[in-house]
Amino acid sequence: MLTVALASLRTRWTALVGTFVALALGVGLIAAMGLGLASTLDAPDRAPRRFAASPVVVTGDDTLTVRVRRGPSTAEVGRRLAHPHPVDIELLRELRRLGPVTRDDGGDAVRARHAPDAVGVDAPAAEVRRVVGDRALVLTGDDRRRADPATERDAEALLSANVLLGTAGGLTAFVSVFVVASTFAFAVALRRREFGLLRTAGATPGQLRRLLLTEAAVVGVVASATGCVLGRLGAPLLVGVLVDEGMAPSWFTVRPAAWPLHAAFWSGLAVAFAGAWAASRRAGRTGPAEALREADADTGVLPPVRRLLGLVLLAGAAFLMAKSLVGDPSALLKRKTYITRPMVLITAVALLAPLLVRPLARLVRLPGATGMLVTANVSAALRRTAAVAAPVLITVALAGSVAGAAMTVSAAKAAEARERTGADLVVTGEELRVRPVPGATLSASAPTAVHVREEGSALITSEARAVDDAKALARVARLPVVAGDPGDLDDGSIVVNEEWEQHTVGSVVRVWLGDGRPASLRIVAVLALGTGNNGAYVTRANAPAAAVDRIDVRLAPGADRDRVAERLRATGGTVRTTEQWLAATYPRTSPQTRTGLAVILGIALVYTLIALANTMVMAGSVRSSELTALRLAGATRPRVLAVVAGETLFAVGLGALLGLAVTAVHLAGLAAALASVSAPVVVSVQWALMGGAAGVCALVAVGAAVLPRAVRRHSRRAG
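Residues numbered from 1 in each chain as written. Predicted model: local features only at pLDDT ≥ 70, side-chain atom pairs only at ≥ 80, totals over all residues. Heavy atoms only, no water.

Participant: Please set out the overall build of the chain residue by residue, giving values where relevant.
Facilitator: In terms of regular secondary structure, the chain is built from 23 helices and 16 strands. For the chain, buried positions account for 49% of its 719 residues. In the chain, 81% of the contacts between residues at least 6 apart in sequence involve partners at least 24 apart. Accessible area of the chain: about 32,900 Å², with a carbon and sulfur share of 59%. (Helix = DSSP H or I, 4+ residues; strand = E, 2+ residues; numbered from the N terminus. Buried < 20%, exposed > 50% of the residue type's maximum accessible area, 1.4 Å probe, protein only. Contact = heavy atoms within 4.5 Å. Areas by Shrake-Rupley, 256 points an atom, 1.4 Å probe, with all protein chains shown as cover.)

Participant: Go over the confidence of the model for the chain with me, naming the residues and quoting the values.
Facilitator: Per-residue confidence for the chain gives a mean pLDDT of 81, with 85% of residues at or over 70. Low pLDDT, under 50, characterises residues 106–113; the predicted model gives this stretch seven contacts beyond four residues in sequence or across chains. Confidence drops under a pLDDT of 50 for residues 708–719, and excluding neighbours within four residues, the segment shows 15 contacts in the predicted structure. (pLDDT = per-residue confidence, 0-100.)

Participant: Describe unusual backbone geometry, and please don't skip the residues or the numbers.
Facilitator: Of note, the phi angle at Glu431 is positive, near 50°, even though the residue is not glycine. Here Glu431 shows up in the loop between β7 (425–428) and β8 (440–454). Although it is not a glycine, Glu455 adopts a positive phi angle of roughly 55°. Along the polypeptide, Glu455 turns up in the loop between β8 and β9 (458–467).

Participant: Help me get a handle on the packing of helix α13 (residues 354–363) against helix α21 (residues 637–676), residues and values and all.
Facilitator: Across the interface, α13 lies against α21 with an axial gap of 11 Å and an inter-helix angle of 110°. Relative to α21, the element α13 is oriented roughly perpendicular. Once α13 is placed against α21, the crossing between them reads as right-handed. Contacts between α13 and α21 involve Leu356, Val357, Leu360 and Ala361 on the former and, on the latter, Phe650, Leu654, Leu657 and Leu658. Looking at the contact of α13 with α21, its residues break down into eight nonpolar, no polar and no charged. (Axes fitted to C-alpha atoms, helices over the stretch in contact; angles between N-to-C directions. Parallel < 35°, antiparallel > 145°, perpendicular 65-115°, else oblique. Left-handed = near helix turned anticlockwise from the far one by under 90°. Nonpolar A, V, L, I, M, F, W, Y, C, P; charged D, E, K, R; others polar.)

Participant: Outline helix α22 (residues 687–705), supporting the account with residue identities and numerical values.
Facilitator: Its 19 residues give α22 an end-to-end C-alpha distance of 26 Å, which sits within 8% of 27 Å, the value for a rise of 1.5 Å per residue. Where α22 is concerned, the buried positions are Met690, Ala693, Ala694, Cys697, Ala698, Ala701, Val702, Ala704 and Ala705. Taken around the axis of α22, the buried residues stretch over an arc of 160°, which confines them to a single face. Exposed residues lying more than 90 degrees from the buried face of α22 are Ala688 and Leu699. (Expected span 1.5 Å × (residues − 1). Arc of directions from axis to C-beta.)

Participant: Requested: an account of the environment of Leu366, with residues and values cited.
Facilitator: On the secondary structure map, Leu366 appears in the loop between α13 and α14 (368–380). The exposure class of Leu366 is partly exposed, given its relative accessible area of 36%. For the pair formed by Leu366 and Gly646, sequence separation is 280 residues and the distance between their alpha carbons is 9.7 Å.

Participant: Go over the pattern of salt bridges with me, naming the residues and quoting the values.
Facilitator: Here the structure, examined in full by the defined rule, presents twelve salt bridges. Between Arg67 and Glu76 there is a salt bridge, and its shortest N-O distance comes to 3.3 Å. You can call Glu76 exposed: its relative accessible area is 55%. Residue Asp468 pairs with Arg540 through a salt bridge whose shortest N-O separation is 3.2 Å. (Salt bridge = Lys/Arg side-chain N within 4 Å of Asp/Glu carboxyl O.)

Participant: Give me the lowdown on the packing of aromatic side chains, citing residues and values where you can.
Facilitator: Applying the stated criterion to the full structure yields one aromatic pair. A centroid spacing of 5.1 Å and a plane angle of 90° characterise the contact between Phe265 and Trp266, whose relative ring orientation is edge-to-face. Residue placement shows Arg510 over the ring face of Trp512; its charged tip is 5.6 Å from the ring centre. (Phe/Tyr/Trp six-rings, centres within 6.5 Å; stacked < 30°, edge-to-face > 60°. Lys NZ or Arg CZ within 6 Å of the ring centre and 35° of its normal.)

Participant: Provide a residue-level description of the pairing of strand β1 (residues 56–59), including the pertinent values.
Facilitator: Burial along β1 is two-sided: Val56 and Val58 and Val57 and Thr59, pointing in opposite directions, are all buried. For β1 and strand β6 (residues 137–140), the ladder comprises four bridges, and the chain directions are antiparallel. In the sheet register, Thr59 faces β6, and the bridge partner there is Leu137. The pairing of β1 with strand β5 (residues 118–121) spans four bridges and is classified as antiparallel. Directly across from Thr59, in β5, lies its bridge partner Ala118. (Pairing = 2+ DSSP bridges.)

Next comes the structure, spelled out in structure tokens:
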């Protein structure tokens, strides 16, 4: 069987070039992303930098530990405090008796007057622990890096890189399976007469299946090995892009690891087998008489199993969306959800696409004899039409769904922020100095956090703002109040949103504040959930360590804006109009989002172009008799080219139309989710991006379909 398979590959290598390239590229991308992913999981421990010369570092407690239920028992859960405890002055005096104490306040005179968050101590660790007790944390060795501010930032950056690489790797696997399966299926359809001859010569269905699987194994092994080499060479380039775009720390590099290469190789081989398996089953069921039939009209292109699978996936996509809208609409606004959910719908629509070809061909009335030939050929060659439409569907649907969802969520956040503020000016900065300004109402706030134990089994952290004056907040802000009055906020109360388990006005909720102190606060107002930015509100008494970083300013009638702005500069911050602040705080897309979208859509587009070129070359290789008959019937070469190009554009248009339908359903679900959480519904349809993707697909597909060499060969045969 191996000898027959190798002979077949030598004869038909041109038809499998596209499959080989797609598979090698997919394995290369999976290997590169796997190496990057492994490097984020096994990042080197950086040496302490802030107190590198001190053998011992004493830092305030920075973790809240709460006991929660875990099944029949309990367990302790830790959360990072928004305001870690400082090293108090009395403890500093005791530490100085042990040895030299090093403070690092960054040359900031304001910070130097406060108790430091950490100090370095040149003394034996045992003595330091004896003096400190449970009043602070004692760090030695590599643990001293916990006192470095960059440690947490680096961890967040590594998490962002991890999410991007994991998502892109999953998308690569999805698209590669899609493309390889479609290519194998079309190749099998084109080899019906070959299989018929083999069946006539005595080949059994099992032998045909083994022949195709052997071909897939050979292509898979060679392509996967090539892809692993490409991935190993490309991983440093990929990591370099992540570092340059700020999605990974500047010191992040690729670390040697074997498992990503193994995973990529065997994934590539599995993809090749998965793509060939369904095609081999269909080839094995082909009978000799059916295969040798001269009719070119496709029949049986949508077997019951494919139809059932498409309907099940379509129902599954509808169920998942409905479940999210009813149970947790905010989940649809998260990046992982709006990137992965369309894949189920795309697969379902692609499986059912052949059902739409003939009805659409009957609806589209193309003029003249050329138009009649185009619609007739499209209706007859369902497999070819579906094979061209499927990759276009992927690209257009991902461009519209993923990019459109990202832009929609960003636009909704910006619109929500615009609705929530009645300020004329906004001052931002670190540790702003709040002073009264004649002719203006100032609402100063500071970032903090509130922790709450819900259902006894989870410790939830909610972002919050600590305000100086609740009455000023009520006058300047336009909060989405569902119940209660935020103006009633005092030191013994809290404003929450509808996401909290307990959100009834007047009820008392037990929380842990940003510095870890427990408190029982009365709920005075409840806000709508929105896009996730409607956090809790407490007074500054419940967050004394929080530094003011924002002042919303509302001008009194007749007040001079320029004079007020000049006085506000004494706060030490940047004074901007509300529109300027919104544009800076809520851009259309962040650099990280743009990089992620470029990676995802770039992968889909490259695969689509490979699949289109390969499909059109394979189709052209078996259309010689058809095109020759057309020339003998009197058609000129331009008309033959017009027919071929028209068929191709029809198939590309079908794929674009289906991609647009997937996008419409996905964005409609997103709009419903925004409405459900009382957020502004601002749907951003990426017409230019979808149109550009469809246009590139059309150019490549038509170019591959009307290759000059093929046209000349057909012309010579016709003459």
